[in-house]
Amino acid sequence: METKVISISREDAEDSGLKEAAEILRRGGLVAFPTETVYGLGANALDEQASSKIYAAKGRPSDNPLIAHIADIADLPPLVAEIPEAGRRLMEAYWPGPLTMIFRKSSLVPRTTTGGLDTVAVRMPDDAIAGRLIRLAGVPVAAPSANMSGRPSPTRADHVYQDMNGRIEMIIDGGPVGIGVESTIVDVTGNVPVLLRPGAVTVEMLRSTVGEVEIDPAISGPVKPDMKPKAPGMKYRHYAPRAELTLVEDREYTGKAVSRRVVDTICSLAADCMAGGRRAGIICTDETKDCYPREAEIRSLGRRSQEETIAHNLFGVLREFDSLGVDEIYSESFSGENLGRAIMNRLTKAAGYRIKKV
Ligand code: AMP
Ligand code: MG
């Protein structure tokens with residue numbers, strides 16, 4: 001299959017490219033498109049055959065459900081059995097935006113889209129291109145991240161091209177995304193909302209809107225074989241670069257400057273790696289980038305205090321290390337609060353929970 005790439009700017013009101021993309025979606029084909037979080041791989045969420053093509057293109061396990069994207073709050077009621085009060089308040093506060101909510105599904109939504117579950121994940125993205133595309137398609141658009149299953153999520157159209165060229169009909173290039181980590185996921189089907197995946201709508205923000213919010217244990221620790229995480233995606237190795245990633249964390253980290261202990265440990269791990277003739281990559285911050293051995297591939301995610309920048313650059317740096325072919329990656333760690341919770345969740349998963357505490 002030939003994959004067509006079209007470029008569209010958010011300011012451009014001309015919709016001819018988007019009309020073609022919407023027509024592909026209506027015919028049951030696959031189109032990758034930008035959202036404010038990461039690039040999504042879209043198909044008609046109400047068409048069983050179309051959404052099953054997403055699993056095939058990504059190599060995604062069939063029990064890992066998709067998120068249905070809508071363009072207007074009015075598009076939600078047909079997809080769900082009910083809208084609980086907490087869901088209503090959260091959507092009023094954060095839609096359009098990087099928040100996905102889990103509802104009990106209506107009979108309209110096929111089980112292929114929901115990975116066999118009776119619930120459906122829905123989000124209204126805050127991106128002009130995504131919004132216009134969904135509106136033109138006239139259907140909810142199922143869209144997981146547009147990467148091959150297990151690889152870091154794409155934050156630029158060329159990342160999508162690396163993974164999806166020849167596997168999908170079209171890629172819409174809308175430039176780099178804004179946020180860079182996937183949406184927050186909250187299950188609102190129970191009495192107390194449960195955070196299933198941290199993102200840019202932080203748990204602190206959720207609590208300020210609805211009070212109590214529980215945090216699913218699968219967010220912070222490895223998922224044991226007998227554990228059934230509420231977001232099935234959490235049990236798969238995810239966001240993973242090809243090299244082995246080790247996260248180095250200070251036991252007494254205060255959330256501010258990175259300690260000398262962390263820098264020294266990364267220096268010695270990288271030196272050992274390179275002494276064995278292997279290539280080392282280091283993920284650090286502007287404050288420490290000059291502290292590491294020059295022979296290593298050193299990438300700063302930005303200033304430590306600017307979590308938005310760190311989140312924005314994270315997946316791109318993991319992909320860059322893949323193309324450079326480094327063998328081992330060593331990363332500084334970050335605070336686990338606010339957006340830092342999402343950053344640390346993606347990093348610990350990318351590391352397969354290999355965390356060296358010093
Ligand atoms: P992705 O968009 O690729 O980041 O994947 C979508 C994420 O949403 C996965 O982690 C899924 O497990 C999660 N998800 C989608 N639908 C549901 C659902 N009905 N219940 C729980 N988690 C879901
Ligand atoms: Mg994904």
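First, a word on scope: everything that follows refers to the structure included in this document. All figures in this text were calculated on a predicted structure; none of them were measured in a lab. (Residues numbered from 1 in each chain as written. Chains lettered and ligands numbered in written order. Predicted model: local features only at pLDDT ≥ 70, side-chain atom pairs only at ≥ 80, totals over all residues. Heavy atoms only, no water.)

## Overview of the overall build of the protein
Note the following rule: Going along the chain from the N terminus, every DSSP run of H or I of four or more residues is numbered as a helix, and every run of E of two or more is numbered as a strand. In this setup the radius of gyration rests on C-alpha atoms only. A globule is expected at 2.2 Å times the number of residues raised to 0.38. Throughout, exposure labels follow a simple rule: accessible area from a 1.4 Å probe, protein chains only, divided by the maximum for the residue type, with under 20% read as buried, over 50% as exposed, and the rest as partly exposed. Residue contacts are defined here by distance: any two heavy atoms, one from each residue, within 4.5 Å place the two residues in contact. Method for areas: the Shrake-Rupley scheme with a 1.4 Å probe, in which residue coverage is limited to the protein chains shown. His is not counted, nor are the chain ends, whereas Lys and Arg count as positive and Asp and Glu as negative. For the purpose of locating charges, the reference atoms are NZ of Lys, CZ of Arg, CG of Asp and CD of Glu.
Broken down by element type, the protein carries nine helices and 16 strands. Computed over its C-alpha atoms, the radius of gyration of the protein comes to 20 Å, within 12% of the 21 Å expected for a compact globule of 358 residues. With the C-alpha coordinates aligned to their principal axes, the bounding extent of the protein is approximately 55 × 50 × 40 Å. Classification of the 358 residues of the protein by burial places 58% in the buried group. Expressed as a percentage of contacts within the protein between residues at least 6 apart in sequence, the contacts between residues at least 24 apart total 68%. Carbon and sulfur atoms make up 48% of the accessible area of the protein, which totals about 14600 Å². Taking the 45 positively charged and 49 negatively charged side chains of the protein as two groups, their mean positions are separated by 3 Å.

## Details of the nonpolar core
Filter applied, for reference: The nonpolar core is taken to be a set of buried Ala, Val, Leu, Ile, Met, Phe, Trp, Tyr and Cys residues, with the residues joined through side-chain atoms within 4.5 Å.
Counting 25 residues, the largest nonpolar core has Leu90, Trp95, Leu99, Met101, Phe103 and Leu206 as its most contacted members. Elements represented by at least two residues in this core include exactly helix 3 (85-94), strand 5 (99-104), strand 6 (119-123) and helix 6 (203-210). Aside from chain neighbours lying at most four places away, what touches Leu99 is Leu90, Tyr94, Val122, Arg123, Ser183, Thr184, Val186, Val201 and Leu206. Counting residues in each nonpolar core, the second largest holds 24 residues, with Leu301, Phe321, Phe334 and Leu339 among its members.

## Digging into helix 9 (residues 339-350)
Rules: For a helix, the expected span equals 1.5 Å multiplied by the number of residues minus one.
For helix 9, which comprises twelve residues, the first-to-last C-alpha distance of 17 Å matches the rise-based estimate of 16 Å (1.5 Å per residue) to within 8%. In terms of burial, helix 9 is a largely internal element, eleven of the twelve residues being buried. Listed in full, the buried residues belonging to helix 9 are Leu339, Gly340, Ala342, Ile343, Met344, Asn345, Arg346, Leu347, Thr348, Lys349 and Ala350. Just downstream of helix 9, Gly352 is the residue with a positive phi angle, here 55°.

## So, the site of ligand 1
Which entries qualify depends on this criterion: One heavy atom within 4 Å of a molecule or strand makes the whole residue count as near it. In the analysis that follows, any N or O atom pair within 3.5 Å is treated as a polar contact, provided that within protein one partner can donate a hydrogen and the other can accept it, and provided that, for residues neighboring in sequence, both atoms belong to side chains.
Neighbouring ligand 1 are 19 residues; Arg60, Thr119, Arg197, Lys230 and Gly233 lie closest to it. The contact in question runs from an oxygen atom of ligand 1 to an N or O atom on the side chain of Arg60, over 3.1 Å. Alone, ligand 1 offers 490 Å² of accessible surface; in the complex the protein occludes 97% of this. Mapped onto the shell around ligand 1, the elements with two or more residues apiece are strand 6 and strand 10 (194-197).

## Overview of the packing of helix 8 (residues 307-324) against helix 9
In helix packing, the relevant descriptors are the interaxial angle and the interaxial distance, both defined with respect to the helix axes. The cut-off we apply is this: Under this scheme, a helix contributes an axis fitted over its contacting stretch, all axes are lines through C-alpha atoms, and angles between N-to-C directions fall in the 0 to 180 degree range. Note that the term roughly parallel is reserved for angles under 35 degrees, roughly antiparallel for angles over 145, roughly perpendicular for angles of 65 to 115, and oblique for everything else. Throughout, a crossing is termed right-handed when the near helix is turned clockwise from the far one, and left-handed when it is turned anticlockwise from it by less than a right angle.
In contact at an axis separation of 9 Å, helix 8 and helix 9 are set at 20° when each is read in the N-to-C sense. Comparing the axis directions of helix 8 and helix 9 gives the class roughly parallel. As for the relative orientation of helix 8 and helix 9, their crossing is left-handed in sense. Counting all contacts with helix 8, which are made through Glu307, Glu308, Ile310, Ala311, Leu314, Phe315 and Leu318, the residues of helix 9 involved are Leu339, Gly340, Ile343, Arg346, Leu347 and Ala350.

## Quick word on the environment of Gly28
Mapped onto the fold, Gly28 is located in the loop between helix 1 (16-26) and strand 2 (31-33). With 25 residues separating them in the primary sequence, Gly28 and Lys53 have C-alpha atoms 8.7 Å apart. Not counting chain neighbours up to four residues away, the residues in contact with Gly28 comprise Asp47, Ala50 and Lys53.

## Points about the environment of Ile8
With respect to the helices and strands, Ile8 occurs in the loop between strand 1 (4-7) and helix 1. Taking relative accessible area as the criterion, Ile8 reaches 9% and is therefore assigned buried. On a C-alpha basis, the gap between Ile8 and Ile172 in space is 6.8 Å, while along the polypeptide they are 164 residues apart. Excluding its chain neighbours within four sequence positions, the residues that come into contact with Ile8 are Gly17, Leu18, Ile129, Arg132, Ile172, Asp173 and Gly174.

## Some details on the pairing of strand 15 (residues 328-332)
Rules: Should DSSP find at least two bridges between two strands, the strands are taken to pair.
The element strand 15 is largely enclosed, with a buried count of five among its five residues. Residues Glu328, Tyr330 and Glu332 point to one face of strand 15 and Ile329 and Ser331 to the other, with burial holding for every one of them. In the sheet, strand 12 (residues 244-249) pairs with strand 15 via five bridges, with the strands oriented parallel. For Thr246, the partnering residue across the bridge sits in strand 15 and is Tyr330. Taken together, the four bridges between strand 13 (residues 280-284) and strand 15 define a ladder with parallel strand orientation. By the bridge assignment for strand 15, Ala280 is matched with Glu328.

## Describing the sheet that holds strand 16 (residues 355-357)
Backbone hydrogen bonds are what pair the strands of a sheet, in a parallel or an antiparallel way. Spatially, five strands are ordered 14-13-15-12-16 in an open sheet, and the strand pairing comes out parallel. Every other strand in the sheet has two partners, leaving strand 14 (297-300) and strand 16 as the edge strands with one partner each. On average, each strand axis in the sheet is inclined to that of its neighbour by 20°, with strand direction left out of account. Along the sheet face, helix 7 (residues 260-275) touches strand 12, strand 13, strand 15 and strand 16 and points at about 175° away from the line of strand 15. Along the sheet, helix 9 makes contact with strand 12, strand 15 and strand 16, crossing strand 12 at roughly 130°.

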